[in-house]
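# Geometric and topological summary
As a plain string of letters, each chain reads:
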Amino acid sequence: MSKRRFYALSLMNVSCRLGSVRPPKRCRSDMDNISTSDIVIINGNSHPDLANSVAERMGIKNGGCSVFHKSNRETIVEISDSVRGKDIYIIQTGTKDANNNIMELLIMAYACKTSSARSIVGVIPYLPYSKQCKMRKRGCIVSKLLAKMMCTSGLTHIITMDLHQKEIQGFFDIPVDNLRASPFLLQYIQESIPDYRNSVIVARNPGVAKKANSYAERLRLGLAVIHGEQKEAESDEVDGRYSPPPTRAYCNILGNSVEMCIPTASSSRQRTTSVSVGVPEHPVKVKPPLTIVGDVNGRIAIMVDDLIDDVQAFVAAAEMLKDNGACKIYVLATHGLLSSDAPRLLEESVIDEIVVTNTIPHEVQKLQCNKIKTIDISILIAEAIRRIHNKESMSYLFRNVTLED
């Protein structure tokens, strides 16, 4: 008998003796069954109160993650608990310190990625730079850059709320769930505004008319739109794009002919053309004065928007509503950034109440302005996390959505 055959028979005998201790096969259903211990919720320094509220509603202890800054302002992230093979939910919103918020989120996501986390979901109630989602002059689309950075850092899913433009979801190469806070705001109108049936929904500018119309249809109320601007917009400033074409006098100064000043491309060769016809000048936009389209006399005016930050436009619109006979003025917005001296301006304005959600912390602003009211949306975020973790449909959360679909 050859040595190779002898060793093969010996291995067969050993395997038969050990057959009784062979580990049982695991069913595929058992492997796919995920317990709640696989969820880890961590947060940065942007809004720890919201993260604690979400974790408390889910019955989960907030994960051990400390985020601090060195003396040179570098961000340090330390995760004390193991995240290997677990589903990580990073709750980090945008505040007035947006750049640090972003870096904390990216470093936390990358730390979880290099620690072999199964999935990393970024819960960003207010997405910073969301208003920079269009090309302005010679700038850039910052939201696109931010989306690429988040995808590269290791995030596998994004949960956010009331994006400034829902097309921002297309900037991400990962799934994005854009939650809506409108059901909470609608409930507040129905329960906390006396005689809300005598109200009219107001759009501060034509860009918000679609959102305001959706609110008006849900509540079966009237709609008013404020048209016009008080000052010249930044897009109307002279920046060189409206420069007129070269004139005949300008060409004579250069010592060239008119034909030499305006070269045009041809399919086969370069040739010149005459400017006798002329290039039409771009007409300058003339903003009309503020006017109200709709009746607000003797009614409660409710202005709706997605973000309230610089409040000068809201204060000016409220003064116009008051001059046109509005008895009370409310401002409802999802995100209350309220930067700079916004609380003082709101306190001194004719606005009766400002209602925002707690997607952004504003406890300091509430101390400066007693008109600010807060709606807690932590239950919505907790339910979204639960459904995503259990692979359930998210359609229920959007069933009673108020924004445009």
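The preceding data block contains the structure.
What counts and what doesn't
- Sequence order sets the numbering: in each chain, residues are counted from 1 along the sequence as written.
- For a predicted model such as this one, the threshold for reporting local features is a pLDDT of at least 70, and the threshold for listing and counting side-chain atom pairs is 80 or more; totals across whole chains, interfaces and linings nevertheless cover every residue.
- Processing note: side-chain calculations cover all non-hydrogen atoms of the structure and skip hydrogens and water entirely.
- Put simply, DSSP H or I for four residues or longer makes a helix, DSSP E for two residues or longer makes a strand, and each gets a number counted from the N terminus.
- Working rule for contacts: check all heavy atoms of both residues, and any pair within 4.5 Å makes them a contact.
- Surface exposure here means Shrake-Rupley accessible area, sampled with a 1.4 Å probe, where a residue is shielded only by the protein chains that are shown.
- Each residue is assigned to one of three classes by its accessible area relative to the maximum for its type, calculated with a 1.4 Å probe on protein chains only: buried under 20%, partly exposed between the two thresholds, exposed over 50%.
- Any two strands with at least two DSSP-identified bridges between them are counted as paired.
- By the criterion used throughout, a crossover qualifies as right-handed when its path from the first strand across the helix to the second strand runs clockwise, the strands pointing away from the viewer.
- Basic side-chain nitrogens of Lys or Arg form a salt bridge, by our definition, when they fall within 4 Å of a carboxyl oxygen of Asp or Glu.
- Axis lines are fitted through C-alpha atoms, for helices just across the contact stretch, and the angle between N-to-C directions can take any value from 0 to 180 degrees.
- Put simply, buried Ala, Val, Leu, Ile, Met, Phe, Trp, Tyr and Cys residues joined by side-chain atoms within 4.5 Å make one nonpolar core.
- A helix's residues, less one, multiplied by 1.5 Å, set its expected span.
- We score Asp and Glu as negative and Lys and Arg as positive, and we do not count His or the chain ends.
- Within 3.5 Å is the distance limit for a polar contact, defined as a pair of N or O atoms, with the added protein rule that one can donate a hydrogen and the other accept it, and that residues adjacent in sequence qualify only through two side-chain atoms.

## Observations regarding the overall build of the protein
The helix and strand tally for the protein stands at 13 helices and 16 strands. Pairs at least 24 apart in sequence give 65% of the contacts found in the protein among residues at least 6 apart. As displayed, the protein offers around 22,700 Å² of accessible surface, 51% of which is attributable to carbon and sulfur atoms.

## Considerations on the pairing of strand β4 (residues 87-91)
The side chains of a regular strand alternate between the sheet's two faces. Along β4, five of the five residues are buried, which leaves the element largely enclosed by surrounding structure. Going residue by residue along β4, you find D87, Y89 and I91 tucked away on one face and I88 and I90 tucked away on the opposite face as well. Here five bridges tie strand β1 (residues 39-43) to β4, and the two strands are oriented parallel to one another. Within β4, the position partnered with V40 by the bridge is I88. A crossover connection joins β4 to the parallel strand β5 (residues 119-124) through helix α4 (residues 98-114); in handedness this β-α-β unit is right-handed.

## Focus: the pattern of salt bridges
Throughout the structure, instances matching the rule amount to 11 salt bridges. Between E348 and R344 there is a salt bridge, with its nearest N and O atoms 3.4 Å apart. Taken together, the residues span about one helical turn, with E348 and R344 both in helix α11 (residues 342-348) at a distance of four residues. Exposure remark for E348: the relative accessible area of 57% places this residue in the exposed category. A salt bridge links E383 to R387; its shortest N-O distance comes to 2.7 Å.

## A short note on the pairing of strand β15 (residues 353-357)
Counted residue by residue, β15 has five buried out of five residues, so it is predominantly covered. Every second residue of β15 is oriented toward a common face, with E353, V355 and T357 on one face and I354 and V356 on the other, all of them buried. Assessed by its sense of winding, the connection that carries the chain from strand β14 (residues 328-336) through α11 to β15 is right-handed. Bridge count for β15 against strand β16 (residues 372-375) is four bridges, and the pairing is parallel. Paired with I354 across the strands is I372, a residue of β16. Tracing the backbone out of β15, into helix α12 (residues 363-368) and back to the parallel element β16 gives a crossover that is right-handed.

## Considerations on the sheet that holds strand β13 (residues 300-308)
Pairing is mixed in the open sheet, where seven strands are placed in the order β12-β9-β8-β13-β14-β15-β16. The open sheet terminates on both sides in strands that have one partner only, identified here as β12 (291-293) and β16. Put simply, the sheet's adjacent strands are angled 25° from each other on average, direction ignored.

## Observations regarding the nonpolar core
One finds V54, Y89, L179, I201, I302, L332 and I381 to be the most contacted residues of the largest nonpolar core, which totals 48 residues. When residues of this core are assigned to their parent elements, the largest contribution, six residues, is made by helix α13 (residues 378-389). Here Y89 is in contact with I39, V40, I41, I42, V121, V123, I385, I388 and H389, once residues within four sequence places are set aside. Counting residues in hydrophobic clusters, the runner-up holds 32 residues, among them C65, I102, A117 and V176.

## Details of helix α10 (residues 312-323)
Each α-helix turn comprises 3.6 residues. Residues three or four places apart therefore point the same way. A rise of 1.5 Å per residue sets the reference length of α10, with its 12 residues, at 16 Å; its end C-alpha atoms lie 17 Å apart and thus fit the reference within 8%. For α10, the full list of buried residues reads F314, V315, A316, A317, A318, M320 and L321. At its buried positions, α10 is contacted by β8 (199-203), β9 (222-227), β12, β13, β14 and α11. Residue G325 follows α10 closely and has a positive phi angle near 100°.

## What to know about the environment of M161
Note that M161 resides in strand β6 (residues 157-161). Overall, the relative accessible area of 1% leaves M161 in the buried class. Once the C-alpha coordinates of M161 and P125 are considered, the two residues, 36 residues apart in sequence, prove to be 5.0 Å apart. Excluding residues within four positions of it along the chain, M161 makes contact with I124, P125, N178, L179, A181, T334, H335, T359, I377, L380 and I381.

## Considering the environment of L106
The topology assignment puts L106 in helix α4. Owing to a relative accessible area of 10%, L106 belongs among the buried residues under this scheme. Distance from L106 to S153, taken between C-alpha atoms, is 5.6 Å for residues 47 residues apart in sequence. Sequence-distant contacts of L106, defined by excluding residues within four places in its chain, comprise M149, M150 and S153.

## Let's talk about the side chain of D309
Looking at where D309 falls in the secondary structure, it is placed in the loop between β13 and α10. Here D309 sits buried without a salt bridge, and the closest side chain of opposite charge, K131, lies 7.0 Å off (N-O distance). Among the polar contacts listed, one links the side chain of D309 to the side chain of S339, at a separation of 2.6 Å. Setting aside chain neighbours within four positions, we find D309 in contact with L337, L338, S339 and A342.

## Some thoughts on the side chain of T95
Within the secondary structure, T95 sits in the loop between β4 and α4. Reaching out from T95, the side chain makes a polar contact with the side chain of N101 at a distance of 2.6 Å. T95 has contacts with S46, N101, L337, I360 and P361, leaving out every residue within four places of it along the chain.

## What to know about the sheet that holds β5
Read across the sheet, five strands follow the order β1-β4-β5-β6-β7 without closing on themselves; strand pairing throughout is parallel. Strands at the two margins of the open sheet, each flanked by one partner only, are β1 and β7 (176-179). Taking the axes of each pair of neighbouring strands and ignoring which way they run, one obtains an average angle of 20° across the sheet. Here helix α3 (residues 48-58) sits on the sheet in contact with β1 and β4, set at roughly 165° to β1. Set on the sheet, α13 makes contact with β1, β4, β5, β6 and β7; between it and β6 the angle comes to about 155°.

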